[in-house]
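# Structural description and commentary
So the chains spell out like this:
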Amino acid sequence: MCGIVGATAERNVVKILVEGLHRLEYRGYDSAGLALVDGDSAGITAYKRLGKVANLENALKENPHDSHVGIAHTRWATHGKPSETNAHPHLSADSIALVHNGIIENHAELRDMLVAEGYEFVSETDTEVIVHLVHKYFQQQQELFKAVKSAIAQLDGAFALAVLCKDEPNHIVVARSGSPLVIGVGIDENFIASDQLALRQVTDRFIFLEEGDMADVSCDQLNIFDVHGELVEREVVQLDDYADASDKGQFRHYMMKEIFEQPKVVAETLRGRLGKHQVMEEIFGADASSLFDRVKRVQIVACGTSYHTGVITRYWLESIAKVPCNVEIASEFRYRDVVVEPDTIFITISQSGETADTLAALRKAKDIGYTASLTICNAPASSLVRESDLVLMTQAGPEIGVASTKAFTTQLVSLLLFTLVIGRRNGLTPAREQEIVSQLNELSDLCAKTLELADRIKEVSNHFTETTSCLFLGRGMQYPVAMEGALKLKEISYIHAEAYPAGELKHGPLALVDSETPIVAVAPNNDLLEKLKSNLEEVRARGGRLYVFADVNSGFSESDGVTVINVPHVSDVLEPLIYTIPLQLLSYYVAVLRGTDVDQPRNLAKSVTVE
Ligand code: G6P
């Protein structure tokens, strides 16, 4: 989604804002802008450019500017097409400037009211109503903080916003409700951002604002008020150094860097969590054991790639832990009538911890009587983490590429740990748990070995450059692996791709098979291999081109129209983790050949904090 950054300092803040925007660009990137207070209340200067932050940066190089207080924004369009006029900051009467993340649901009625009062709107955005509202109240109250407070009281929806005022040139007022906002604490300088990553170059100390908080931020003062308007102290959190997160190192794209980090982050996610023979269940928190004793069912909710983690987890939970599990897309779950069965734990899975639909689903779950909530998340200070009863953090480190890779594999690892902990209450024997634990101990090496397939997959990717449509097939746990493979391909190469359970081919998709449509099959050496082989024969018989990712021992041989990529042997349980990796590589190389923007594919955003 959109990204916000702001700074108030004794030094010139322009460079800090632009660097912050670059770091936030992974969230949304159709336009960017910034507003700067000119010293001594001479006015506010705003620059906006369509496209990437680099365009804004070039505009600023042509018009160098010196300012000690500024706010900036990178946009991912929701209301109104990408354009300079719709880009933030929005201004009212050239005296108030505002940047906003989120969606204002009652913007149409507020707009009508403000138009009736004489305000002229220049953009199609929902955001512009907020800046005019602030202006209106500023006229009455002559104090920016009070004006912002009055304005937000009128808003329905989600927002994180930052506001500047020409007549109060030394501070920024911010407010958070439904969208994340963080304050970066410096020495004689303070910063704000929608994601701490934007500020890592200037500070490692952060205050994570809570729901309903407002703050008044100047270079030497920081006042935070809670939802009741009470002045509050919030904890300052010192974050570990993960400076390399925004550095691509030897790789051309973040996505490739993140694919290659998988051996490391899988090991990190297991570190300190495995005993000699079993998973240490304290990792889920002090209350976890007694809560887990009551669990008879599992409900998982997530979006995108995280949803695919959920679908795979269902196979593990039902086969290893013998617990019924339901998995649902968050945007569906949140709006349907749900029958909650007793003793059901509610699990959310999310890389960012801020996905609006997943968060709304969790809030609904808390209202309707689930036994407990657990989140599997990669962002320690996120809303999902703060609002769930139990948390297991994935240790993927910041993921910058919009297409999720290392977050997915670390989510899978985390949910396998959960499966074992629940399983041991349901007849999973210590011997079987120990067997899976020793396989997990080998997982990092196996990921590294699988990455050695990169060159072979690069060769094969040449066959996909002219493709317009592609089918991914798998059976059992490989069906969700195929779903994730298809999602990756469509996200970054813009090739239409669909996944099917291979047994379902004959009920429709077989009609699509011709020599133009590549069919990718995921074929580990398991109980379903012979069934899958028969399905692939159906494809061959109709002249389909097959690309089979197969276990070295699964007996596939190459022939005309059949390309085989041999994947290292892996135990049944860990198959989804290993078979995902070559599919990530395939989509990456195809996208590079097609010349797309791999890390920031068109129309997508990393963190979807609006509905
Ligand atoms: C966006 C991202 C996807 C991600 C999904 C869910 O669509 O582009 O990569 O899988 O959101 O995000 P979450 O942070 O909840 O895992």
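Quantities reported herein were computed from a predicted structural model and do not represent experimental measurements.

A tally of helices and strands in the protein chain yields 18 helices and 25 strands. For 611 residues, the compact-globule estimate of 2.2 N^0.38 gives 25 Å, and the protein chain sits close to it at 26 Å. Within the protein chain, buried positions represent 62% of all 611 residues. Sequence-distant contacts in the protein chain: of pairs separated by 6 or more residues, those separated by 24 or more amount to 71%. Approximately 23200 Å² of the protein chain is accessible, and the part contributed by carbon and sulfur atoms is 46%.

Moving on to helix 1 (residues 14-24). Of all 11 residues in helix 1, 8 are buried, a share of seventy percent or more. Listing the buried residues of helix 1 in full gives Val14, Ile16, Leu17, Val18, Gly20, Leu21, Arg23 and Leu24. Along its buried surface, helix 1 packs onto strand 1 (3-9), strand 2 (31-38), helix 2 (53-62), strand 4 (69-75) and strand 10 (189-193).

Along the polypeptide, glutamine 411 turns up in helix 13 (residues 406-423). The contacts of glutamine 411, once residues within four sequence positions are left out, are Ser306, Thr309, Ile349, Ser350, Gln351, Ile376 and Thr394.

Right, let's talk about a negative patch on the surface for a bit. A surface patch of negative charge is lined by Glu105, Glu109, Asp112 and Asp156. You can call glutamate 109 exposed: its relative accessible area is 56%.

By the assigned domains, the protein chain splits into domain 1 (3-239), domain 2 (254-447) and domain 3 (452-594). Each partner contributes to the roughly 720 Å² buried at the junction of domain 1 and domain 2, and carbon and sulfur atoms together form 61% of this total. One can count 0 salt bridges joining domain 1 with domain 2. In this structure, the connection of domain 1 to domain 2 is made through 1 residue pair in polar contact (both at pLDDT 80 or more). Of the residues in the side of domain 1 that touches domain 2, the class split is 6 nonpolar, no polar and 2 charged.

Counting across every chain of the model gives 28 salt bridges. Measuring nitrogen to oxygen at the nearest pair gives 2.7 Å for the salt bridge that ties arginine 23 to glutamate 19. Of this pair, arginine 23 and glutamate 19 both sit in helix 1, separated by 4 residues, roughly a single helical turn. Judged by its relative accessible area of 30%, glutamate 19 is partly exposed. Across the salt bridge formed by aspartate 213 and arginine 234, the nearest N and O atoms sit 2.8 Å from each other. Of this pair, aspartate 213 sits in the loop between strand 11 (205-208) and strand 12 (214-218) while arginine 234 is found in the loop between strand 14 (231-232) and strand 15 (237-238), placing the two residues 21 residues apart along the sequence. For arginine 234, a relative accessible area of 19% corresponds to the buried category. Sharing partners across several salt bridges, the network here consists of Glu281, Asp293, Arg424, Arg425 and Glu433.

Turning our attention to the site of the ligand. Taken together, 13 residues lie near the ligand, and Ser306, Ser350, Gln351, Ser352 and Thr355 sit nearest. Separating an oxygen atom of the ligand from a side-chain N or O atom of serine 306 is a distance of 2.6 Å. Take serine 350: an N or O atom from its side chain is 2.6 Å from an oxygen atom of the ligand. Protein coverage of the free-state accessible area of the ligand, which is 390 Å², stands at 90%.

Here we have 5 strands laid out as an open sheet, ordered 22-21-23-24-25, and parallel in their pairing. Of all strands in the sheet, those bounded by a partner on one side alone are strand 22 (496-501) and strand 25 (562-567). Strand-to-strand, the axes of this sheet are offset by a mean angle of 20°, without reference to chain direction. Pairing of strand 21 (residues 469-474) with strand 23 (residues 518-523) involves 3 bridges; the strand directions are parallel. Looking at strand 23, one finds that phenylalanine 472 is bridged to valine 520. Its contacts with the sheet place helix 18 (residues 575-594) against strand 21, strand 23, strand 24 (545-551) and strand 25, and it is angled at close to 140° to strand 24.

Quick notes on the rules
- Residues numbered from 1 in each chain as written.
- Predicted model: local features only at pLDDT ≥ 70, side-chain atom pairs only at ≥ 80, totals over all residues.
- Heavy atoms only, no water.
- Helix = DSSP H or I, 4+ residues; strand = E, 2+ residues; numbered from the N terminus.
- Rg over C-alpha atoms; globule rule 2.2 N^0.38 Å.
- Buried < 20%, exposed > 50% of the residue type's maximum accessible area, 1.4 Å probe, protein only.
- Contact = heavy atoms within 4.5 Å.
- Areas by Shrake-Rupley, 256 points an atom, 1.4 Å probe, with all protein chains shown as cover.
- Patch = residues over 30% accessible without salt bridge, like charges linked within 9 Å, V, L, I, M, F, W, Y side chains within 5 Å.
- Salt bridge = Lys/Arg side-chain N within 4 Å of Asp/Glu carboxyl O.
- Lys, Arg positive; Asp, Glu negative; His and termini not counted.
- Charge placed at Lys NZ, Arg CZ, Asp CG, Glu CD.
- Domains from an automatic or database assignment.
- Buried area = accessible area lost by both parts, 1.4 Å probe.
- Polar contact = N/O pair within 3.5 Å; in protein donor to acceptor, adjacent residues only side chain to side chain.
- Nonpolar A, V, L, I, M, F, W, Y, C, P; charged D, E, K, R; others polar.
- Near = heavy atom within 4 Å.
- Pairing = 2+ DSSP bridges.
- Axes fitted to C-alpha atoms, helices over the stretch in contact; angles between N-to-C directions.

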